[in-house]
Amino acid sequence: MSDRKYLYTERAHYMCPNMHFGIVAEIGAEFDANGIIESVDVLRSAHPLMRSLIAEEQGSSGIYYEEHSELEIPITIKEADDNWQTDYESVSSAGWNVQKEALLKIFAYPSESGTRVLFITHHLLCDGRGLLQLVQEFADHYANGARPNPVDEKLMESLDDLPGGSNLGFISKVLIHDANKKWLKERHKVSYEEYLKFERDHDSKQDIKREIKNVDGEELDTILGLCRENGVSLNDYLIAKMMIDEGTDKVVIASDIRNKIKNYKEGALGNYATAFGVVVKKRAEIMELARAVDHEVRSIMSKPDKEMLVLSCYFNMEPELLDALAISTLGSFESKAGRFVGSKMFGYEKRDGHCITNLGRVESGVITEAVFIPPASPANRKAWGVLTINKKMRICSIHSMCNQI
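Residues numbered from 1 in each chain as written. Predicted model: local features only at pLDDT ≥ 70, side-chain atom pairs only at ≥ 80, totals over all residues. Heavy atoms only, no water.

(A) How the structure looks around the sheet that holds strand β1 (residues 5-6). Ordered by their spatial adjacency, three strands build an open sheet running β1-β4-β3, and the pairing between neighbours is antiparallel. One side of each edge strand has no neighbouring strand; the edge strands of this open sheet are β1 and β3 (52-56). Examined bridge by bridge, β1 and strand β4 (residues 63-67) share two bridges and lie antiparallel to one another. When the sheet's bridge partners are listed, Lys5 is paired in β4 with Tyr65. (Pairing = 2+ DSSP bridges. Helix = DSSP H or I, 4+ residues; strand = E, 2+ residues; numbered from the N terminus.)

So, in structure tokens, the structure goes:
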């Protein structure tokens, strides 16, 4: 019993639609279908979460990763001219039963550079950095036979795993405490079968547009030079650009916290990220705005209660209330507590958020270029996924055209 890996912060992804994302990567190695299958099996052997399904504990509200040694990762071998975006859409429209389906799905295609792979993962398996690591491990084994080190994932289990001072401030704590009390008085919960019906209905109404912008060569060098001159990061620049392009003064960004939490094991899958909103209410040219963004980001990251706010909310909230947020705001499940938190705190009612997840810059001898496809969260109207491989930056822009409620 004590060895079970329970969902804590990951539980926010359990009963929420569109909690999947992907990376499509070009690998400079000759296409070999058997080699692809072998490399995926090597990864599966190294990572317990890859061979796990999600199970509900009988007689309690606990949900955990249940390991199945025989669990296979679905791999679909495609033709060279097949469109990976079509395959990604087919996965998106089918829903994802995490109690019965592996948390990773893979498509592979012959390509001009040798091999193209599309990894699509459910957020319960890992965050964006975790998926990038997985794709790199795959490429290193597929091209060079390098085996990843086996690692037993240790997930975040309580507020004690976060940096000191991460707990909620007084007002947030009161709001969550009040929502928990109202939820417990309602004396009901969402079953996973009920959620899956809601998910299918939600998916049938989706209209998500994806576009990919290539930024490399002289254009990327110019942007990086401007960032250096102004003392800002590429991420600051991208946030400012989204604010200008989309006419918004708030952008939510993902933040990797592997070097800040106490129980992360090098190479582990799982979720080791937080997210926070960057708000700058000023009109300015892009580099002036980027400097203001830099100031705001530094301020938030210097205060654990602000940087870890969303994770602290998860730890303070009744787990079964967390399950009800999306379905009670976007579906037909009746819960005043769920709808309040889902609409007022998580943005599922307005659905007009803007988000950037930047996985950073990587130099690779085997991956020639790659695109990160971010999750199409129900809270967001627009999301950018950014990944730079060998000085080739790719921005995958997602625009949700879902009907507003």
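(B) Geometry of the sheet that holds strand β13 (residues 380-389). Judged by pairing direction, the sheet is mixed, and its six strands sit side by side in the order β8-β14-β13-β11-β9-β10 without closing on themselves. Since the sheet does not close on itself, it has two edges, and those belong to β8 (208-216) and β10 (273-279), each with one partner. Strand-to-strand, the axes of this sheet are offset by a mean angle of 20°, without reference to chain direction. Direction of pairing for strand β11 (residues 353-362) relative to β13: parallel, over a ladder of eight bridges. When the sheet's bridge partners are listed, Asn358 is paired in β13 with Val386. Packed on one face of the sheet, helix α6 (residues 217-230) meets β8, β11, β13 and β14 (392-400) and runs near 85° to β8. Across the sheet, helix α7 (residues 234-246) lies against β9 (250-256), β10, β11, β13 and β14, angled at about 150° from β11, the strand it touches most. (Axes fitted to C-alpha atoms, helices over the stretch in contact; angles between N-to-C directions. Contact = heavy atoms within 4.5 Å.)

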